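One-letter residues, chain by chain:
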Amino acid sequence: MRTSSLQIALTATAALALAACSSTGPSGGTSKLLTLDGNPPLVIAHRGASGYLPEETLEAYARAIELGADVIEMDLISTKDGVLIARHDPNLAISTDVARHPRFASRKKTIKVDGETQTGWFSNDFTLAEIKTLGAISTDAERPQQFNGKYKVPTFQEIIDFAKAKSKETGRTIAIYPETKNPTYFRELGLPMEDKVIAAINAAGWNSKTAPIYVQSFEPGSLKYMKSKGLNTRLIQLIDGDSVDLKTGAVTFAVPSDRPYDWTKAGDKRNFDAMVTPAGLAEIKTYADGIGPWKRYIVSIKGTIGADGKPVDVNKDGKINDADATSMAPTSLIADAHKAGLFVHPFTFRNESRRLASDYNKDGKNEYGVYYKLGVDGVFTDFTDTALAARAEYLKSIGR
């Protein structure tokens, strides 16, 4: 849908979904789950238990599993010697202590990644052995900092082995959710990752729709290539946005979150919102099984606008953020995606009050509850325990 369709008006399809949510069951709520397959929504540990420990480390994944996550999620990038590792960004300055290692000082540089100018140290300039000398750090100043530098960066293969071992140890299946991150960037450096992803999945015996794995990407070309090469896992098209116009609730766009970078390279001027139209969803269905949209495509937020035309700092903390806004009526995206046969896993749910609309009363469980009632098939969360507690409350409310 174009941004103009993200206004407050509730579409007929969404209204039907909400009406279904209000039908009562044995404990006073609806007895019907609105997920695509009728099963409870998945709790997907976004980069592990990243609300508590440095993200995308085996320790963060272990904590998420201990908390009860159904799935652990990771981003894949490449080293100089072509090994897939788990980091959210090619720029190692963001999530490692590389800046504290004098031996690597000369590798600091300024380059463009997916059209965005960045300064730092980049994974493609480091061998795996060098990466293993670095420590992971928290990427959010509000989160625990005492673990910075203590945990190492894992490889994709190490995570596969870890998930298998934990599944055996716990007696429950722990699925993984890898993303091909910046695939065009790495391909242009001569470090394509898709064939390596497929090879690792084949070696794990997971190349099927029922295997405990989901493969995601923001770039349609990456997913289409892997599908063409015989990857038969569940594939997910991620759908990004940069921010929200607090005057209208419309999703806004800016590099690098405006469009898939392979679209940019091909001269395609559409933004990500083209993917959430019925036509966009139909196109996605030709190569993927689900979508991972930014949650604001489902429930956006709107601020209070002052006489000067600018958003008001409602809570008077000196900052303008989600806490100064209220949630809007939902769009029809979930119902539209389900109609197209696509499951919906929105991102990313977090506990910090600055990231919660004021009507959630500083309690992340209230936000999850809204999305669960709308029928999401899973949620990407930095706080596994909060997502699970909210899911338990929701399922109890509908008599499940």
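Scroll up a little and you will see the structure.
Values in this document were obtained by computation on a predicted structure and should not be read as measured data. (Residues numbered from 1 in each chain as written. Predicted model: local features only at pLDDT ≥ 70, side-chain atom pairs only at ≥ 80, totals over all residues. Heavy atoms only, no water.)

(A) Highlighting the packing of aromatic side chains. For the structure on display, the rule yields 13 aromatic pairs. With centroids separated by 5.0 Å and ring planes inclined at 10 degrees, the aromatic side chains of Y177 and Y214 adopt a geometry described as stacked. With a gap of 37 residues between them, Y177 in strand β6 (residues 175–180) and Y214 in strand β7 (residues 214–217) connect regions that are remote in the sequence. Residues Y177 and Y214 agree in their burial class; the two are buried. Each member of the aromatic cluster is reached from another via a ring pair, and the members are F349, Y368, Y371, Y372 and Y394. Positioned above the aromatic ring of Y214, the side-chain terminus of R234 is 4.1 Å from the ring centre. Its guanidinium or amino end placed over the ring of F349, K295 lies 4.9 Å from that ring's centre, counting from NZ or CZ. (Phe/Tyr/Trp six-rings, centres within 6.5 Å; stacked < 30°, edge-to-face > 60°. Helix = DSSP H or I, 4+ residues; strand = E, 2+ residues; numbered from the N terminus. Buried < 20%, exposed > 50% of the residue type's maximum accessible area, 1.4 Å probe, protein only. Lys NZ or Arg CZ within 6 Å of the ring centre and 35° of its normal.)

(B) Focus on the environment of S138. Relative to the assigned elements, S138 resides in the loop between α3 (128–131) and α4 (156–170). For the pair formed by S138 and N148, sequence separation is 10 residues and the distance between their alpha carbons is 6.3 Å. When near neighbours in sequence (up to four residues on either side) are disregarded, S138 contacts P54, R143, P144, Q145 and N148. A polar contact of 3.1 Å, which involves the side chain of S138, links it to the backbone oxygen of D140. (Contact = heavy atoms within 4.5 Å. Polar contact = N/O pair within 3.5 Å; in protein donor to acceptor, adjacent residues only side chain to side chain.)

(C) Fine view of the environment of F126. Topologically, F126 is positioned in the loop between β5 (116–120) and α3. Taking the C-alpha atoms as reference points, F126 and D385, separated by 259 residues in sequence, lie 35 Å from one another.

(D) Structural context of helix α12 (residues 384–397). Helix length check: α12 (14 residues) gives 20 Å between terminal C-alpha atoms against 20 Å at 1.5 Å per residue, within 8%. Buried within α12 are the following residues: T384, T386, A387, L388, A390, R391, Y394 and L395. In the core, the buried residues of α12 are packed alongside β1 (42–45), α2 (58–67), α11 (364–374) and β15 (378–381). (Expected span 1.5 Å × (residues − 1).)

(E) How the structure looks around the packing of α11 against α12. Where α11 contacts α12, the two axes come as close as 9 Å, and the packing angle between them is 55 degrees. For the element pair α11 / α12, the angle class is oblique. As for how α11 packs across α12, the hand of that crossing is right-handed. Mapping the contact onto sequence places G364, K365, Y368, Y372 and K373 in α11 and T386, A387, A389, A390, R391, E393 and Y394 in α12. For the contact of α11 with α12, the residue count by class is six nonpolar, two polar and four charged. (Axes fitted to C-alpha atoms, helices over the stretch in contact; angles between N-to-C directions. Parallel < 35°, antiparallel > 145°, perpendicular 65-115°, else oblique. Left-handed = near helix turned anticlockwise from the far one by under 90°. Nonpolar A, V, L, I, M, F, W, Y, C, P; charged D, E, K, R; others polar.)

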